[in-house]
Amino acid sequence: ITNNTEKLWGWGKIQTNYDKATLILRQKFELPKIRFEVGKETVDKFSPGQGRVLLNQFNYHPRPIFQGYKAYTKSLLEINGNFYANPQQAPKYVIFHLNPIDKRMPTMEDSQTLKMILRDYKPVLIEKNVLLLKHAIDEGGIITNHIKPLLTQEIQIGESLNLIPVNN
């Protein structure tokens, strides 16, 4: 009871300490170039570390399963992938930093979202080791990225694939 009473009476000091800690974190993780580019537009963060978005007070518009490592079933992967596939739902910008947990392969986390990001977003700038991507789809839902695959080919396990370009 004594401990709880002391905490209640000292709430102002606790709040002041939290405010100071938040200010220090905001300065450490500040992204002024990205903030200037993004403005009030919607932003998601791909890979863990949503704190950067919150500390910079961006207009956070996350996918439904915002921690990508939690999207590990077919239905959860589809929910996130469908969110990004819909131009009216997908955020205008993505702060992108491949940083999988537990030393997983990067493409194992939220693979359907990653596929949509690679298809529908284009790089804008890099700041403090994160890449800012911008939605490359116009209001009519047309992809303006126009990235075409260089090669599409099925191969069997153990089969070699020659990636040396052939001059045409």
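Structural notes, computed from the coordinates. (Residues numbered from 1 in each chain as written. Predicted model: local features only at pLDDT ≥ 70, side-chain atom pairs only at ≥ 80, totals over all residues. Heavy atoms only, no water.)

1. Some points on helix α5 (residues 74–85)
Counted at 1.5 Å a residue, the expected span for α5 with its 12 residues is 16 Å, and the 16 Å between its end C-alpha atoms agrees. Taken together, the buried positions of α5 are Leu77, Asn80, Gly81, Phe83 and Tyr84. Projected down its long axis, α5 shows its buried positions confined to an angular sector of 155 degrees, all on one face. In α5, the exposed positions that point more than 90 degrees away from the buried face belong to Lys74 and Asn82. In this structure, the buried side of α5 is in contact with β1 (42–46), β3 (93–96), α6 (111–120) and β4 (121–127). (Helix = DSSP H or I, 4+ residues; strand = E, 2+ residues; numbered from the N terminus. Expected span 1.5 Å × (residues − 1). Buried < 20%, exposed > 50% of the residue type's maximum accessible area, 1.4 Å probe, protein only. Arc of directions from axis to C-beta. Contact = heavy atoms within 4.5 Å.)

2. Quick look at the pairing of strand β5 (residues 130–135)
Pairing of β3 with β5, which is carried by four bridges, proceeds in the antiparallel orientation. Following the sheet pairing, Val94 is matched in β5 by Leu133. Bridge count for β4 against β5 is six bridges, and the pairing is antiparallel. By the bridge assignment, Glu127 is partnered in β5 with Val130. (Pairing = 2+ DSSP bridges.)

3. Some points on unusual backbone geometry
Even without being a glycine, Asp110 presents a positive backbone phi close to 55 degrees. Note that Asp110 resides in the loop between β3 and α6. Residue classification places Asp110 among the buried residues on the basis of a relative accessible area of 0%. The phi dihedral of Asn129 falls on the positive side, at around 70 degrees, and the residue is not glycine. With respect to the helices and strands, Asn129 occurs in the loop between β4 and β5.

4. Here's the deal with the packing of α5 against α6
Direction vectors running N to C along α5 and α6 enclose 20 degrees, while the axes themselves pass 7 Å from each other. Between α5 and α6, the crossing angle belongs to the class labelled roughly parallel. Crossing of α5 against α6: the hand is right-handed. On the side of α5, the interface is formed by Leu77, Asn80, Gly81, Tyr84 and Ala85, while α6 contributes Ser111, Gln112, Thr113, Met116, Ile117 and Asp120. (Axes fitted to C-alpha atoms, helices over the stretch in contact; angles between N-to-C directions. Parallel < 35°, antiparallel > 145°, perpendicular 65-115°, else oblique. Left-handed = near helix turned anticlockwise from the far one by under 90°.)

5. Examining the environment of Leu31
Tracing the backbone shows Leu31 in the loop between α2 (11–28) and α3 (32–38). Judged by its relative accessible area of 0%, Leu31 falls in the buried class. When the C-alpha atoms of Leu31 and Ile126 are compared, they prove to be 9.9 Å apart, with 95 residues separating the residues in sequence. If we ignore the near neighbours within four places in the chain, the residues touching Leu31 are Asn56, Phe58, Ile95, Glu127, Lys128 and Val130.

6. Topic: the environment of Gln112
Structurally, the position occupied by Gln112 is in helix α6. Those residues in contact with Gln112 that lie beyond four places of it in its chain are Leu77 and Gly81.

7. Things to note about the nonpolar core
Counting residues in each nonpolar core, the largest one holds 11 residues, listed as Phe46, Phe83, Tyr84, Ala90, Val94, Phe96, Leu114, Met116, Ile117, Tyr121 and Leu133. Those elements that place two or more of their residues in this core are α5, β3 and α6. The element best represented in this core is α6, accounting for three residues. Other than its neighbours up to four places away in sequence, Met116 contacts Gly81, Tyr84, Ala85 and Tyr121. Counting residues in hydrophobic clusters, the runner-up holds 10 residues, among them Leu31, Val38, Val43 and Ile95. (Core = buried A, V, L, I, M, F, W, Y, C linked by side-chain atoms within 4.5 Å.)

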